[in-house]
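A structural walkthrough
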Amino acid sequence: MKRLLTLLTLFSFVISFAQELALVRENDLFGYINKSGEYVIQPQYEGAKSFSEGLAAVEKDKLWGYINTSGDWTIEPIYDKVKYFNSGYALVLKEDRWRYIDSSGKELEVPSTEKFYDFEDGVAFIRQGDKIGLIGTDGKIVLEPTYDEIQSFRDGYAKVQNGELWGMIDNKGKVVIPVEYEEIGNTWNEAGVYGKKGADFGIIHNGSFNVIPGADKVWNFHGSSGLTYARKDKMTGFVNSKGEWVIQPIYKKARAFSNGLAPVAENKEWGYINTAGKTVIDFQYKDAEIYSENGLAPVKDKDWGFIDTKGNLIIPMEYDITAGFAFLAGNNDKGFLGDFARIKSKEGWGFFNTKGELLGNKWYQNAEPFVKN
C-alpha cells in the first residue's frame, strides 16, 4: 500500500510538472492559466514571469522569489532581481551581488567572473579580462576564456568570434566550425550553416564551404527543410546544402520553408510556393509568415489572421501577433506555438486554437505563450 501511494504521488508530480501554463494579467495582477483556460494560480501578483523548469518568478513586497505550479513558495521572495531557470539554475540579485541558485535556493560556487550570464544548454559564459569561456552546471570551467565573443547557444551550439572572424562551438567547447569566416549563421542545422569567406557567401556543410554563385546574403536553414533562402542582385531564391540554386532568385522577399511551403513576395504581395517553386497559394497578402507544425500560417491584410495549407482562412485577419517570450517555448516563430496562437485584439490579449476559437472566450491585459513545466 505504501509503495502504491508513493507511485501515485510520483505520478501526480509528473503530471503537475508536465502541464503547460501561461502567464496572464487581469485587473493589473498576474496569474497563470492552463490549456483549458482555467486559473491554476489566481491573479495576485504585481510582478511575475513565465514558468521555466517548473518554477515561476513572482514579486511580493518588491522582492522576488519562485513558486511551483501549485502556487506554493519554493524559494522565498528575498531577491531584488531574478531571471529564468535554465539547466537547473537561475541568476538572482541580492545585496548588489549576482549569483546562481538551484531550485532549492542553494548557491552554486563558480570561478571569478567579471560578468554573470544565464545558463543555456548546460553552460554559462565566464568573462575574464577581454576573453569569454564556459562553465558547466557543476560550476567548473568547461572552456577556458578563449574568445572575444560567444553568442547565445541554440540547441547546443553557439557562434564565436576572435578578431574579425567567426566560427562555431558546441556546449562542450569543441570547435565544430573553424573561426575563419567574416560572417556565419547563428543556428546549427544538419543541412548546414551559412557563412561568408572573403567576398563569397556559401553553405558550410560536412566540413566544406560551398559557395553560392552570386549570393550577397543568406539566411539560416529552418527545421528539417533542406533549403534556405538567399539573395542575389536584390532578388531572393532558395539554395541547398551544396550551395546550388534550387529555386532561382526571382522573388522580392522570402521566408523559410515549413510544411513544404514557403512565403514569398512578388512586388508588394505575398503568397506561398512549394519546394518545386510552384505557386500554391496566390499572391494576395501584405505580409506572410511561415507555417507552424499544425499547418497554419499567419497572413496579413490590414491585420493578421491564419490560413491552412490550402489557403483557407481559418482565423479572420483582424488581429495582431507577436512571438512574445517564445524562446521559453523553444520557438521564435510568430503565430502558433503548440496548440495555441497568442493574439492581440482591441479587447486585449488571448489565445486561439486551430479552429479559431478563443480560449475561455476571454481576453486579458497581457498574455504570454504557454510553456512546458
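A brief look at the structure comes next. Numbering of residues begins from 1 in every chain and follows the order in which that chain's sequence is written. The predicted nature of this model means local features are confined to residues of pLDDT at least 70 and side-chain atom pairs, given and counted, to a pLDDT of 80 or more, with totals for whole chains, interfaces and linings taken over all residues. Hydrogens are left out, water is left out, and the side-chain values use all remaining heavy atoms of the structure.

Brief notes about the sheet that holds strand E15 (residues 165–170)
This is how it is decided: Any two strands with at least two DSSP-identified bridges between them are counted as paired. Only DSSP runs of H or I reaching four residues or more are called helices, and only runs of E reaching two or more are called strands; each is numbered from the N terminus.
Within the open sheet, the four strands sit side by side as E13-E14-E15-E16. Their pairing is antiparallel. Every other strand in the sheet has two partners, leaving strand E13 (149–150) and strand E16 (175–181) as the edge strands with one partner each. Looking at chain direction, strand E14 (residues 157–162) and E15 are connected through six bridges and run antiparallel. Paired with Lys-159 across the bridge in E15 is Met-168.

Topic: the sheet that holds strand E11 (residues 131–136)
The criterion, for reference: Lines fitted to the C-alpha atoms define the axes, with helices restricted to the stretch that makes contact. Angles between their N-to-C directions range from 0 to 180 degrees.
If you walk across this open sheet you meet the three strands as E10-E11-E12, and the pairing is antiparallel. Among the strands making up the open sheet, the edge pair consists of strand E10 (123–128) and strand E12 (141–147). Pairs of neighbouring strands in the sheet enclose a mean axial angle of 25°, with direction left out of account. In this structure, E10 lies alongside E11, joined through six bridges in antiparallel fashion.

Some details on the environment of Gly-54
To keep it simple, the criterion reads: Relative accessibility decides the category of a residue: with a 1.4 Å probe and only protein chains considered, values under 20% of the type maximum give buried, values over 50% give exposed, and everything between is partly exposed.
Mapped onto the fold, Gly-54 is located in the loop between strand E3 (39–45) and strand E4 (56–60). For Gly-54, a relative accessible area of 7% puts it in the buried group. Separated by 191 residues in sequence, Gly-54 and Trp-245 have C-alpha atoms that sit 45 Å apart.

Quick notes on a negative patch on the surface
Let me state the cut-off plainly: Only residues whose relative accessible area exceeds 30% and that form no salt bridge enter a patch; like-charged residues are grouped when within 9 Å of one another, and nonpolar side chains (Val, Leu, Ile, Met, Phe, Trp, Tyr) when within 5 Å. Here the accessible surface of atoms and residues is derived via Shrake-Rupley with a 1.4 Å probe, and residues count as covered only by protein chains that are part of the display. Salt bridges are defined by distance alone: a side-chain nitrogen of Lys or Arg within 4 Å of a carboxyl oxygen of Asp or Glu. When charges are tallied, Lys and Arg are placed among the positive residues and Asp and Glu among the negative ones, while His and the ends of the chain are skipped. To locate a charge, take atom NZ for lysine, CZ for arginine, CG for aspartate or CD for glutamate.
The grouping of Asp-301, Asp-303, Glu-318 and Asp-320 at the surface amounts to a negative patch. Structurally, Asp-320 can be placed in strand E32 (residues 313–321).

Topic: the packing of aromatic side chains
The criterion, for reference: Each Phe, Tyr or Trp ring (for Trp, its six-membered ring) is paired with any other whose centre lies within 6.5 Å, and the angle between the two planes then decides the class: stacked below 30 degrees, edge-to-face above 60, tilted in between. Only lysine NZ and arginine CZ atoms are considered, and such an atom sits over a ring when it is within 6 Å of the ring centre and within 35 degrees of the ring normal.
Summed over the entire model, instances satisfying the criterion amount to 20 aromatic pairs. When the ring of Tyr-66 is compared with that of Phe-85, the centres are 4.9 Å apart and the planes differ by 70°; the resulting orientation is edge-to-face. Taken together, the positions of Tyr-66 in strand E5 (residues 63–67) and Phe-85 in the loop between strand E7 (81–82) and strand E8 (90–94) put the pair 19 residues apart, joining distant regions of the chain. You'll find Tyr-66 and Phe-85 in the same group, each marked buried. With a centroid separation of 6.5 Å and an interplanar angle of 75°, the aromatic rings of Phe-340 and Phe-351 are classed as edge-to-face. Separated by 11 residues along the polypeptide, Phe-340 in strand E34 (residues 340–345) and Phe-351 in strand E35 (residues 348–352) bring together distant segments of the chain. For the pair Phe-340 and Phe-351, a shared accessibility class is recorded, and that class is buried. Taken together, the ring pairs connect Tyr-89, Tyr-100, Phe-116 and Phe-119 into an aromatic cluster. Geometry around Tyr-84 places Lys-49 over its ring, the cationic atom sitting 5.6 Å from the centre. Between Lys-217 and the ring centre of Trp-219, over which it is positioned, the NZ or CZ distance is 5.1 Å.

Here we look at the nonpolar core
Quick reminder of the rule: Here, nonpolar core refers to any group of buried Ala, Val, Leu, Ile, Met, Phe, Trp, Tyr and Cys residues whose side-chain atoms link them within 4.5 Å.
Residues Phe-238, Ile-247, Tyr-251, Phe-257, Val-264 and Ile-273 are the most contacted members of the largest nonpolar core, which totals 13 residues. For this core, the elements supplying multiple residues, two or more each, are strand E24 (245–251) and strand E26 (261–266).

A short note on the pattern of salt bridges
When their charged atoms lie close together, side chains carrying opposite charge are able to pair. According to the stated counting rule, one finds 12 salt bridges in the structure shown. Measuring nitrogen to oxygen at the nearest pair gives 3.1 Å for the salt bridge that ties Arg-97 to Glu-107. Of this pair, Arg-97 sits in strand E9 (residues 97–101) while Glu-107 sits in the loop between E9 and E10; the two residues are 10 residues apart in sequence, bridging distant segments of the chain. Taking relative accessible area as the criterion, Arg-97 reaches 38% and is therefore assigned partly exposed. Residues Lys-131 and Asp-148 are paired through a salt bridge, measuring 2.7 Å at the closest nitrogen-oxygen approach. On the criterion of sequence distance, the pair formed by Lys-131 in strand E11 and Asp-148 in the loop between E12 and E13 is long-range, its members being 17 residues apart. For Asp-148, a relative accessible area of 29% gives the class partly exposed. A single salt-bridge network, built from bridges that share partners, covers Glu-20, Lys-35 and Asp-339.

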